[in-house]
Amino acid sequence: MDIITIIYIMLALSVSSFFVMFAVYSAIEKNFRPVIVSIIITIILISIFLLIYNFDIHNIFKLVTILTIVSFIFLYFTPFGKTSDISVIKSDEKFDERDTMFARNDYKPDSKKYNEYYRINPDKKKIDDKLRSMPDLLERGGKYFDHNRAAYVKGLFEIEGLLANYTEGGINPQKTIINQHEATKLIKEKAIHLGAAEVGIVLLDQRWVYSNVGRGPEKWGAQIKNNHKFVVCYTVEMDYYKVSNAPDFDVIEESANQYINAQKISITLANFIRELGYSARAHVSGSNYQIIMPAVAYGAGLGELGRHGYLISKKYGSRVRLGAITTDIPLIADKPVMLGVQDFCKICRKCAHNCPSKAITEGKKQMVRGVEKWQLNIEQCYRYWRSMGTDCALCMKVCPFSHPNNVVHNVVRYGIKKSSIARRISLWGDNLFYGK
Ligand code: SF4
Ligand code: SF4
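Residues numbered from 1 in each chain as written. Chains lettered and ligands numbered in written order. Predicted model: local features only at pLDDT ≥ 70, side-chain atom pairs only at ≥ 80, totals over all residues.

A. The arrangement of the site of ligand 1 in detail. Around ligand 1, the neighbouring residues are His308, Cys355, Pro356, Ser357, Ala359, Ile360, Cys381, Tyr384, Cys392, Ala393, Leu394 and Cys395. Secondary-structure elements contributing two or more residues to the shell around ligand 1 are α14 (378-388) and α15 (394-398). Looking at side-chain class alone, the shell around ligand 1 contains 10 nonpolar, two polar and no charged residues. (Near = placed C-beta within 6 Å. Helix = DSSP H or I, 4+ residues; strand = E, 2+ residues; numbered from the N terminus. Nonpolar A, V, L, I, M, F, W, Y, C, P; charged D, E, K, R; others polar.)

See below:
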């Protein structure tokens, strides 16, 4: 057998195996459209490969096939074009936690908070009153309301509310002397042991600290001061199958569950660091955050901010929730990463197309408090949550980065990170396999 035929057979087998593997992984993911599409592609490819193998006696078509496959692989994996980063400029502007949608949702008409908030922000009163008049999440009236499951999730959120009281505590006066390398390794190890999926560290930028308390057990409206040097930030994975059922009830159940997991990690890590003799504060949902989580997670090198406003993490894409602690224990900071998300989001827009409330822009980024990003319309988004009675997450579900962390999807992620050509091919492939 000549060398061209041997290379031809090897490449034909590799390409066919890739699509078979893709079909198997998709079947495991219970995603039947990509199973069918990859089986059809495999059958077409094998037929063409066999046809060429049997009838191409002068090896011309085998050579053309080899060159086509090699060129494709080369173009897909070779860095091609520029990969954009998130543009950040100096700004002292801070975000007030009282302006978050969840905080605004809590202002009961004619209460002290309500009167004070809408005296300062009269422009928000009409839209917020309208939102408050709709059925609340987990209450009868939402499209996906289910009495038993709502009761279960309310129970989870109740625990979440209780845990929000355990963010701080006494510091052991007998300080353990530990260097920054040891401390970084130890804390990252413990975070993973407690259930974090990915962990990163960043110096705390004061822009990421909310200006005033908007929710949680601390005094509403109080100025937030956090002078810790570092943030340890981490992701917890949202279950792929639960997210695949968005915006059904599965997704809010999974969100509540992962928020509690994240709280457990933050509270335990902060306790541990205080036991070592250093100051530490857990930042947990429910809500006792002092810092803006997606911005911190980006700074800590966990991923990039997507068009939908969520973090897109290295391993699990949009399918994550975030947690953090701030601390003074000496640590080594990580650096932001470039995954090709900014460039991919520019051409993708799947979340915007599929967002039922049109809360995600199809347009360009804006400069928001010194960070260039796609700005979400939070009122529109929240209106849809209330009409469904769940936290929607359709944008998380359709995002091409949300596919499971396995070899097939990681090959695609690698291409997206490196090459502008790969981004175009990957988007075309995602539409073909998963639909628009
Ligand atoms: S959660 Fe739903 S409504 Fe909100 S931005 Fe995402 S897709 Fe749109
Ligand atoms: S769906 Fe597309 S545009 Fe939206 S965040 Fe994901 S990659 Fe970006």
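The structure having been displayed, the exposition proceeds.
B. A look at the nonpolar core. Counting 89 residues, the largest nonpolar core has Val231, Val232, Cys233 and Val296 as the members making the most contacts within it. The element that contributes the greatest number of residues to this core is helix α10 (residues 249-275), accounting for 11 residues. Residues lining this core come from more than one domain, with at least three contributed by each of domain 1 (3-77 + 406-434) and domain 2 (97-104 + 136-398). Setting aside chain neighbours within four positions, we find valine 232 in contact with Ile187, Ala191, Val199, Ile201, Leu269, Ala324, Ile325 and Thr327. (Core = buried A, V, L, I, M, F, W, Y, C linked by C-beta atoms within 7 Å. Buried ≥ 20, exposed ≤ 12 C-beta atoms within 10 Å, placed from the backbone. Domains from an automatic or database assignment. Contact = placed C-beta atoms within 7 Å.)

C. Geometry of the domain arrangement of the protein chain. Domain boundaries in the protein chain define domain 1 (3-77 + 406-434) and domain 2 (97-104 + 136-398). With eight residues of domain 1 in contact, the opposing surface of domain 2 contributes eight residues. Looking at the side of domain 1 that touches domain 2 element by element, the count peaks at four residues for helix α17 (residues 420-434). Split by residue class, the side of domain 1 that touches domain 2 holds two nonpolar, one polar and five charged.

D. Fine view of the sheet that holds strand β1 (residues 198-203). Here four strands make up an open sheet; going across it, the order is β1-β2-β6-β3 and the pairing antiparallel. The open sheet terminates on both sides in strands that have one partner only, identified here as β1 and β3 (280-283). Strand-to-strand, the axes of this sheet are offset by a mean angle of 20°, without reference to chain direction. The sheet contact formed by strand β2 (residues 230-237) and strand β6 (residues 320-327) spans eight bridges and is antiparallel. Counterpart to tyrosine 234 in the pairing with β6 is glycine 323. Its contacts with the sheet place helix α8 (residues 180-194) against β1 and β2, and it is angled at close to 140° to β1. With respect to the sheet, α10 is in contact with β2, β3 and β6, its orientation differing from that of β6 by roughly 20°. (Pairing = 2+ DSSP bridges. Axes fitted to C-alpha atoms, helices over the stretch in contact; angles between N-to-C directions.)

E. Layout of the environment of serine 318. Along the chain, serine 318 turns up in the loop between β5 (311-313) and β6. A count of 25 C-beta atoms within 10 Å places serine 318 in the buried class. With near-sequence residues (within four places) excluded, serine 318 lies in contact with Gly306, His308, Tyr310, Ile312, Met396, Cys399, Phe401 and Ser402.

F. Quick look at the packing of helix α1 (residues 3-28) against helix α2 (residues 32-55). Running from N to C, α1 and α2 point in directions that differ by 165°, and their axes come no closer than 8 Å. When the axis of α1 is compared with that of α2, the two are roughly antiparallel. In this structure, α1 crosses over α2, and the sense of that crossing is left-handed. Packed against α1, whose contacting residues are Ala12, Val15, Ser16, Phe19, Val20, Phe22, Ala23, Ser26 and Ala27, the element α2 presents Pro34, Val35, Ser38, Ile39, Ile41, Thr42, Leu45, Ile46 and Phe49 at the interface. For the contact of α1 with α2, the class distribution of residues is 14 nonpolar, four polar and no charged. (Parallel < 35°, antiparallel > 145°, perpendicular 65-115°, else oblique. Left-handed = near helix turned anticlockwise from the far one by under 90°.)

G. View of the pairing of β2. Of all eight residues in β2, eight are buried, a share of seventy percent or more. Side chains Phe230, Val232, Tyr234 and Val236 project from β2 onto one buried face, and the interleaved Val231, Cys233, Thr235 and Glu237 project onto a second face that is buried too. Judged from the six bridges that link them, β1 and β2 form a sheet pairing that is antiparallel. Counted as the bridge partner of leucine 203 is phenylalanine 230 from β2.

H. Just helix α16 (residues 407-418), in detail. With 12 residues, α16 extends 17 Å between its outermost C-alpha atoms, agreeing within 8% with the 16 Å of an ideal straight helix rising 1.5 Å per residue. Every buried residue of α16 is accounted for by Val412, Arg413, Gly415 and Ile416. For α16, the buried positions fall inside an angular range of 160° around the axis, keeping them on one side. Of the surrounding elements, those touching the buried residues of α16 are α3 (60-77), α12 (341-348) and α17. (Expected span 1.5 Å × (residues − 1). Arc of directions from axis to C-beta.)

I. Highlighting the site of ligand 2. Looking at ligand 2, there are 14 residues lining it, with Gly306, Cys345, Cys348, Cys351 and Cys399 nearest. With three residues, the top contributor of residues to the shell around ligand 2 is α12. Classifying every residue of the shell around ligand 2 gives eight nonpolar, three polar and three charged.

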